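Topology and contacts: notes
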Amino acid sequence: MGINDCFDLRTQTLNGTEVLTMWVGEVVNGWGAGRAIIMNSTYDVIHNFTSTFPNGADIHEFFIPRVTNRTALLSAYYAINTDLSEVGGTGDDWLLECGFQEIDIATGNVLFSWNASDHVTYSDSYEGFWTDDSESNPWDFFHMNSVDKDADGNYLVSSRLAFPALKTRSTLFNGSGDIFRHYHQIYKVDGSTGDIIWAMGGMNSDWDMCSDCNYEWQHHARWRDNYTAISLFDNASNGDDNDESTGRGMVLDLDTDNMSATLRTAFYPLQSHPIQSQGNTHLSTSGNWVLGWGSSPWISEYYPNGTMIYSAALGGQNLSDGPVANYRAFKSTTWQGFPKAVPDIAIDGTTVYASWNGATEVQMWEVVVGDSSAPRTLSSSVNASRSTFETTLTLPSNAPYIQVRAYSGNSRVLGASAVLSSSNGTSAFDGRVHHLSSPESVSWSGPSCGNYQVVEVKSSSKKVAGSLGLLFAAVLFTTSFVAS
């Protein structure tokens, strides 16, 4: 579709309205150079923006914080030439800078900008400086993967400080001989100065952590319960070092008076195993928790007490390093999609295949047939309740011209496919879409997407094979996943 890679597909709320959001662009060595895209319920691109950093927006974060409901938090990665002699560099070194910006979505104006190197000490990184650094291989000392914002205007930043391949394990023990388990940090950043208010975990933690509160290579830290708790995804691994037995989702309760954290709930996978990359812990509107298991191609849902409801695999059941990785997973039970593209139809003899990518409100399909291609001359032949993404209907006998029509739950026609000629499968009459705001039909017009152009995908006489590659039902379940 010309949008290159797509990450972090989900619904979010913008100015009180549910919208569909995603990151699009190019993935480069574990980070991204791209843009933030927002679509409305008819899948028009209503906002297309990025940061002012050199590579624009990174894959790790595109979040509309609930406290503003009108701004976006975007992470960014880019290489800079700097002096890293304090950590073993030559003085002419290359650093992978990590930062984030808060953007006013309506105007694209930058409201706040933050760089990790301005506020985080290089020596706090567990990722030892690599001596073969270059502009194409800069030292990745911070590796930010999520940002949130609180009601006071301060930010919650998660940094996956990578495990030191170049350091000996003896450097990770504290004075008592116990292994230093809190390898990685979550920061509270001052929304005015950019200064770090506190750090949780890592080499210099300001928090007293409970015995089961440790997390490693964590992702997706979010404020919860009026900023008295934090949820996160504990990877427990970076692929080489596994110091915990399994990845998990976590909810930590915070006692800010005593600066202590306790574990409220943990969400464990179907089979215990560390997760080498990616992953998230998402609180759905129902109160249940949905976990995307990152490099392990699984999605799981849990009751608030941590009891698993189900677990499902994407593209096979390999626990790790399989052909599919699941960056994040989200669930919405309220998304309503009304695409401007017409429904799809394919015919094979007396078998008719009907689908409508992005249309969530279809409850029934009707097949109409006739000797003429004009829609008003076609009469009903068979109907069936919508089943999964594509519904199969069987005609009592063949007909020269065939069309499918989509109905809502109140029996209103939502749209009609092109009228196909059964003799050769070609379109003899254009399809129509009936929008809820007007009973009049409108023709398809591809929405502008900056440098990208979304176009209609025509079905062939073969069984329909999806249009935009997103599968929608009455429940929208999104996952951004990548092929290894």
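Residues numbered from 1 in each chain as written. Predicted model: local features only at pLDDT ≥ 70, side-chain atom pairs only at ≥ 80, totals over all residues. Heavy atoms only, no water.

An unreviewed UniProt entry lists the protein under the name ASST-domain-containing protein, from Heliocybe sulcata.

**With respect to the side chain of Gln101**
With respect to the element layout, Gln101 can be found in strand 7 (residues 93-104). According to the relative accessible area criterion, Gln101 is buried, its value standing at 2%. Looking at Gln101, its side chain comes within polar contact range of the side chain of Thr52, at 2.7 Å. Reaching out from Gln101, the side chain makes a polar contact with the side chain of Ser113 at a distance of 3.2 Å. (Helix = DSSP H or I, 4+ residues; strand = E, 2+ residues; numbered from the N terminus. Buried < 20%, exposed > 50% of the residue type's maximum accessible area, 1.4 Å probe, protein only. Polar contact = N/O pair within 3.5 Å; in protein donor to acceptor, adjacent residues only side chain to side chain.)

**Considerations on the pairing of strand 15 (residues 229-234)**
Taken across its 6 residues, strand 15 has 6 buried, putting it largely inside the fold. A two-sided burial pattern is seen for strand 15, the buried positions comprising Ala229, Ser231 and Phe233 on one face and Ile230, Leu232 and Asp234 on the other. In terms of strand pairing, strand 14 (residues 219-224) meets strand 15 through 4 bridges, oriented antiparallel. The partner of Arg224 across the bridge, within strand 15, is Ala229. Hairpin connection between strand 14 and strand 15: a loop of 4 residues separates the two successive antiparallel strands, and Asp225 in this loop has a positive phi of roughly 50°. Taken together, the 6 bridges between strand 15 and strand 16 (residues 248-255) define a ladder with antiparallel strand orientation. The residue of strand 16 that forms the bridge with Leu232 is Met250. (Pairing = 2+ DSSP bridges.)

**Topic: the environment of Ser75**
Along the polypeptide, Ser75 turns up in strand 6 (residues 71-82). Using a relative accessible area of 0% as the deciding quantity, one classes Ser75 as buried. On a C-alpha basis, the gap between Ser75 and Gly99 in space is 5.8 Å, while along the polypeptide they are 24 residues apart. Apart from the residues within four sequence positions on either side, Ser75 is in contact with Gly56, Ala57, Asp58, His60, Glu61, Gly99, Phe100 and Met144. At 3.1 Å, the side chain of Ser75 and the backbone nitrogen of Glu61 are in polar contact. (Contact = heavy atoms within 4.5 Å.)

**A closer look at the side chain of Ser300**
Here Ser300 shows up in strand 20 (residues 298-302). At 3.0 Å, the side chain of Ser300 forms a polar contact with the side chain of Trp293.

**Digging into the sheet that holds strand 20**
Through backbone hydrogen bonds, the strands of a sheet pair up, either in parallel or in antiparallel fashion. Reading across from one edge, 18-19-20-21 is the order of the 4 strands in this open sheet, with antiparallel pairing throughout. Each edge of the open sheet is held by one strand with a lone partner, namely strand 18 (280-283) and strand 21 (308-313). When strand polarity is set aside, the average angle formed by the axes of neighbouring strands in this sheet is 15°. Here 5 bridges tie strand 20 to strand 21, and the two strands are oriented antiparallel to one another. Bridged to Glu301 within strand 21 is Tyr310. (Axes fitted to C-alpha atoms, helices over the stretch in contact; angles between N-to-C directions.)

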